[in-house]
Amino acid sequence: MAGHSHAKNVKHRKAADDAKRGKMWSRCARVIIVAAKSGGDPASNLALRYAIDDARFYNMPKDTIDKAIKKGTGELESENIEAAMYEGYGPGGVAVLCEILTDNRNRTAGEVRRIFDKHGGQMGVSGCVAYMFTPKGQILVTKEAADEDTMMNIALEAGAEDVIDAGDLWQVLTAVGDFIPVRQALEKANITIEQAELTQVPSNTVTVEGEKAELVQKLIDALDDNDDIQKVHANFEVE
């Protein structure tokens, strides 16, 4: 299976500074609000459980999490937030998939289109690149935390599909339904996890180099900086 290049490059950054922490909390709150619309109990609402776990990873305060849940269930007033996927191509034909949570689709679509245009890409129609990606669970572990044999034995025995050498990290991929058991197995073995999330993994990758690689990364970073974009997935490998 092809590795997720965006994960290799930036997904292990954990709220790098205070300025980013506030933005991450805002994004996490939106995910919780949308998930809680289907029920406020994480024991019976798996999407909400994932959202809360992600918020805790970024050290989001418990009362802020509880407030977001109440907004989702309607106990507190909240703006109407919708989920969407926006898709397109970056320089070199790189496929880009953006997970969106917004209270104004028209505004967000315009902003995303301008970002693509400014950075040498093109926003596409719904479905133009989504078929190239598969939903997966992804767990990132630094190589200092465990050696390859340990990672293979624990992760694969718990149901992981693959353990990939991603530079300074081990990238563990799972089916969506096996994500939590694999993560819990690693935690039980006292292996420190850098990041654990549901993501979109490309079925194949495009290799870019030099100036084109820089343009692709600038596009990804610009999309990632947009407040309405929750996650950015791309199928590029840097030469």
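Here the structure is shown first, and the text comes after it.
The rules we used
- Residues numbered from 1 in each chain as written.
- Predicted model: local features only at pLDDT ≥ 70, side-chain atom pairs only at ≥ 80, totals over all residues.
- Heavy atoms only, no water.
- Buried < 20%, exposed > 50% of the residue type's maximum accessible area, 1.4 Å probe, protein only.
- Helix = DSSP H or I, 4+ residues; strand = E, 2+ residues; numbered from the N terminus.
- Pairing = 2+ DSSP bridges.
- Phe/Tyr/Trp six-rings, centres within 6.5 Å; stacked < 30°, edge-to-face > 60°.

(A) The arrangement of the pairing of strand β4 (residues 133–142) in detail. For β4, the buried fraction is high: eight of the ten residues fall into the buried class. Two strands pair when backbone bridges link them, and β4 and strand β7 (residues 195–202) are joined in this way by eight bridges, in the antiparallel orientation. Opposite Leu 140, over in β7, you have Gln 195 as the bridge partner. When β4 meets strand β6 (residues 169–174), the two strands line up antiparallel, connected through six bridges. Across the sheet, residue Gly 137 finds its bridge partner in β6, namely Thr 174.

(B) Quick peek at the packing of aromatic side chains. One pass over the full model with this rule turns up two aromatic pairs. Here the aromatic rings of Tyr 50 and Phe 179 are separated by 5.5 Å at their centres, their planes lie at 65°, and the arrangement is edge-to-face. Of the two residues, Tyr 50 is situated in helix α3 (residues 46–57) and Phe 179 in helix α7 (residues 179–188); the sequence distance between them amounts to 129 residues. Note on accessibility: Tyr 50 and Phe 179 belong to one class, buried. Considering the side-chain rings of Phe 57 and Tyr 58, the 5.1 Å spacing of their centres and the 90° angle between planes classify their relative orientation as edge-to-face. There is no split in this pair, since Phe 57 and Tyr 58 are both buried.

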